[in-house]
2 protein chains.
Amino acid sequence: MLEVKKQISTVSIIGSGNVATALSLALKNSFVDIIDVFSPNIENAKLLAIKIGCSYVDDIKYISKISDLYIIATPDKEISNVCLNLTDVDGIVVHTSGSVPASVFSSLLNNFGVFYPLQTFTKNAVVDFKNIPICIESNSEVNTEMLLNLANKLSNNVVSINTEQRQYLHLAAVTVNNFTNTLYTIAHELLAEKQLDFSLLIPLINETANKINNENPYNLQTGPARRNDIPTINKHLSLLDDYPDYRAIYNLMSNKIIKKYNE
Amino acid sequence: MLEVKKQISTVSIIGSGNVATALSLALKNSFVDIIDVFSPNIENAKLLAIKIGCSYVDDIKYISKISDLYIIATPDKEISNVCLNLTDVDGIVVHTSGSVPASVFSSLLNNFGVFYPLQTFTKNAVVDFKNIPICIESNSEVNTEMLLNLANKLSNNVVSINTEQRQYLHLAAVTVNNFTNTLYTIAHELLAEKQLDFSLLIPLINETANKINNENPYNLQTGPARRNDIPTINKHLSLLDDYPDYRAIYNLMSNKIIKKYNE
């Protein structure tokens, strides 16, 4: 019987965007050997390869065949196509998507999984991976163990979850990141119209985020809707007469809160 | 001609809730002399008075008549009633509300204004006032100067704004605090249903809040709606079949983002 390989030592990176860049740098900083980087855009591939100190290709046919791990960090819709070019490798092939099922690989690969870092990445921002949750899923116990071992080198916050859990986690991440940022953008616009500086809101935004470290957000809800203070809500709605899109959001959010706390 | 008094040395506090408590403690820490505290609930009045080291009354008729400043930190709907009991004082009467116009006082008082601290207060949380914006408005330049001087003892972030600006600021504060907290609550519920710990989202929540320190949130938007990624949006909507309230919010927020960035 062959000895089961338990350690991921060599990695190939498919993609050169924000997640590919952040993950590559984190792996490099954890002394994991990145063999090569693929991007269809040769300039992007080169740029990332220089940061990492590895080779690069713009034709996926020439990516290393002997890496222990292939990390596909491309847009979701390209994952299944990319995978068609990795059917002849022995290493584990993972994607980094919050929403694509692990089963996208199941008819094509023997060793596959998901390596989902739960954070918002910006290309030029340096990220401390130690606190970033990494969510692992794979097709076998051995592969899961290997992926967990690797993830634990990068982060102190590694969990093994299934596809359904990951999809809800991704949805929750969209909720607290994308939609929260949209609320920030709306507030920015409202203040700019009235010659007020957005920085006035920053202490409040920070406090709002900090409070949930120690408390269920349900218990932290305040504001007119929480108090069922209809006159203030109506005043706010009238202030929003020129902002019909946000007026609709204000209305729906307030009704949600009223329903939750006052009925 | 009488010398114009430029300094607020003595304060009476009307109310004993979160704002009254936080402001009283901040004033005390800035060595401003709080004369007395009024609350219709004698136990609450006493509790706050002990913290501050001042006298307390449960009948507003007996509040000091010679304070330089009266801070009304009651629910909005009680402000005009409270004010009826302060028509015989010389000091400045202010409220702390984000949404009530300063003009609520104009037919009854000679010296009045607004002292609005822009933060979310919890009764037992110690607050560092130094970074909290305090928004000042009053009926005269002299009163504004006196209120600004006092506010500058408490905070490094004091601004003079008018009623309309304050009302939009309050609306923006509701947006980034109350509605963001509701998004956190929704995410908490989604994860709990799938046996996932809410703490997985905390690094993302913190990063989302931190990013806006240096950048217009408009430029930080990411996610499926930002990319006009309809398959992922539809997948999320289908995950929300059992959450009709949140499904409607998800839909509206996503449409707002798509419209903003992709049209």
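Given the structure is predicted, the values throughout are model-derived calculations rather than measurements. (Residues numbered from 1 in each chain as written. Chains lettered and ligands numbered in written order. Predicted model: local features only at pLDDT ≥ 70, side-chain atom pairs only at ≥ 80, totals over all residues. Heavy atoms only, no water.)

**A word on the interface of chain A and chain B**
So, point 1. Contact with chain A, which involves 85 residues of that partner, is made by 85 residues of chain B.
So, point 2. Across the interface of chain A and chain B, roughly 8,300 Å² is buried in total on both sides, 67% from carbon and sulfur atoms.
So, point 3. For chain A, the biggest contributors to the area lost against chain B are Tyr168, Phe179 and Leu200 of chain A; these three give 9% of the whole.
So, point 4. Counting the contacts that link chain A with chain B gives 6 salt bridges. (Contact = heavy atoms within 4.5 Å. Buried area = accessible area lost by both parts, 1.4 Å probe. Salt bridge = Lys/Arg side-chain N within 4 Å of Asp/Glu carboxyl O.)

**Points about the environment of proline 101 of chain A**
So, point 1. In this fold, proline 101 of chain A is placed in the loop between β5 (92–95) and β6 (112–117).
So, point 2. When neighbours within four sequence positions are excluded, proline 101 of chain A is seen to be in contact with His95, Thr163, Arg166 and Gln167 of chain A together with Lys235 of chain B. (Helix = DSSP H or I, 4+ residues; strand = E, 2+ residues; numbered from the N terminus.)

**Re the sheet that holds strand β8 (residues 158–160) of chain B**
Residue and element names in this part refer to chain B.
So, point 1. The strand order across the open sheet formed by 8 strands is β3-β2-β1-β4-β5-β6-β7-β8, and the pairing between neighbours is mixed. The sheet terminates laterally at β3 (55–57) and β8, the two strands that pair on one side only. Sheet twist, expressed as the mean angle between neighbouring strand axes with direction ignored, is 25 degrees.
So, point 2. Looking at chain direction, strand β5 (residues 92–95) and strand β6 (residues 112–117) are connected through 3 bridges and run parallel. In the strand pairing of β6, valine 94 is matched with glycine 113.
So, point 3. Along the sheet, helix α4 (residues 141–154) makes contact with β4 (69–72), β5, β6, β7 (134–138) and β8, crossing β7 at roughly 165 degrees. (Pairing = 2+ DSSP bridges. Axes fitted to C-alpha atoms, helices over the stretch in contact; angles between N-to-C directions.)

**Brief notes about the packing of helix α5 (residues 163–193) of chain A against helix α7 (residues 230–239) of chain B**
So, point 1. Remark: α5 of chain A packs on α7 of chain B, axes separated minimally by 10 Å, with the N-to-C direction vectors making an angle of 105 degrees. As summarised for this structure, α5 of chain A and α7 of chain B are arranged roughly perpendicular, according to the angle between their axes. From α5 of chain A, Gln167, Tyr168, His170, Leu171 and Val174 of chain A reach across to α7 of chain B, where they touch Thr232, Lys235, His236 and Leu239 of chain B.
So, point 2. Class assignment for the residues of the contact of α5 of chain A with α7 of chain B results in 4 nonpolar, 4 polar and 1 charged. (Parallel < 35°, antiparallel > 145°, perpendicular 65-115°, else oblique. Nonpolar A, V, L, I, M, F, W, Y, C, P; charged D, E, K, R; others polar.)

**A few points about the packing of aromatic side chains**
So, point 1. As enumerated under the stated definition, the model contains 10 aromatic pairs over all chains in all.
So, point 2. Arranged with centres 6.3 Å apart and planes meeting at 90 degrees, the rings of tyrosine 246 of chain B and tyrosine 250 of chain B form a pair that is edge-to-face. Note that tyrosine 246 of chain B and tyrosine 250 of chain B are positioned in helix α8 (residues 244–262) at a spacing of 4 residues, about one turn of the helix. With respect to class, tyrosine 246 of chain B is no different from tyrosine 250 of chain B; both count as buried.
So, point 3. By the ring-pair criterion, three or more aromatic residues cluster together here, those being Phe179 of chain A together with Tyr246 and Tyr250 of chain B. (Phe/Tyr/Trp six-rings, centres within 6.5 Å; stacked < 30°, edge-to-face > 60°. Buried < 20%, exposed > 50% of the residue type's maximum accessible area, 1.4 Å probe, protein only.)

**Digging into the sheet that holds strand β8 (residues 158–160) of chain A**
Residues and elements named next belong to chain A.
So, point 1. Within the open sheet, the 8 strands sit side by side as β3-β2-β1-β4-β5-β6-β7-β8. Their pairing is mixed. Since the sheet does not close on itself, it has two edges, and those belong to β3 (55–57) and β8, each with one partner. Geometrically, the sheet is characterised by an average inter-axis angle of 25 degrees between neighbouring strands, direction not taken into account.
So, point 2. Across the sheet, helix α1 (residues 18–29) is in contact with β1 (10–14), β2 (33–38), β4 (69–72) and β6; its angle to β1 comes to roughly 165 degrees.
So, point 3. Each of β4, β5, β6, β7 (134–138) and β8 is contacted by helix α4 (residues 141–154), which is oriented at about 165 degrees to β7, the strand it contacts most.

**A closer look at the packing of α1 of chain A against helix α2 (residues 42–52) of chain A**
Residues and elements named next belong to chain A.
So, point 1. Viewed as axis vectors pointing N to C, α1 and α2 meet at an angle of 20 degrees, and their least axial separation amounts to 10 Å. In terms of axis orientation, α1 runs roughly parallel to α2. By crossing handedness, the relation of α1 to α2 is classed as right-handed. Residues Ala20, Thr21, Ser24, Leu25 and Lys28 of α1 form the contact with α2, whose participating residues are Leu48, Lys51 and Ile52. (Left-handed = near helix turned anticlockwise from the far one by under 90°.)

**A closer look at the pattern of salt bridges**
So, point 1. Evaluated as defined, the whole model comprises 16 salt bridges over all chains.
So, point 2. Of the charged contacts in the structure, one is a salt bridge between glutamate 189 of chain B and lysine 260 of chain A, with a shortest N-O distance of 2.3 Å. Here glutamate 189 of chain B, found in helix α5 (residues 163–193), pairs with lysine 260 of chain A, found in helix α8 (residues 244–262), and the two come from separate chains.
So, point 3. The partner of glutamate 137 of chain B in a salt bridge is arginine 166 of chain B, and the shortest N-O contact between them spans 2.9 Å. Here glutamate 137 of chain B is found in strand β7, whereas its partner arginine 166 of chain B is found in helix α5, with 29 residues between them in sequence. The exposure classification of glutamate 137 of chain B matches that of arginine 166 of chain B, with both residues buried.

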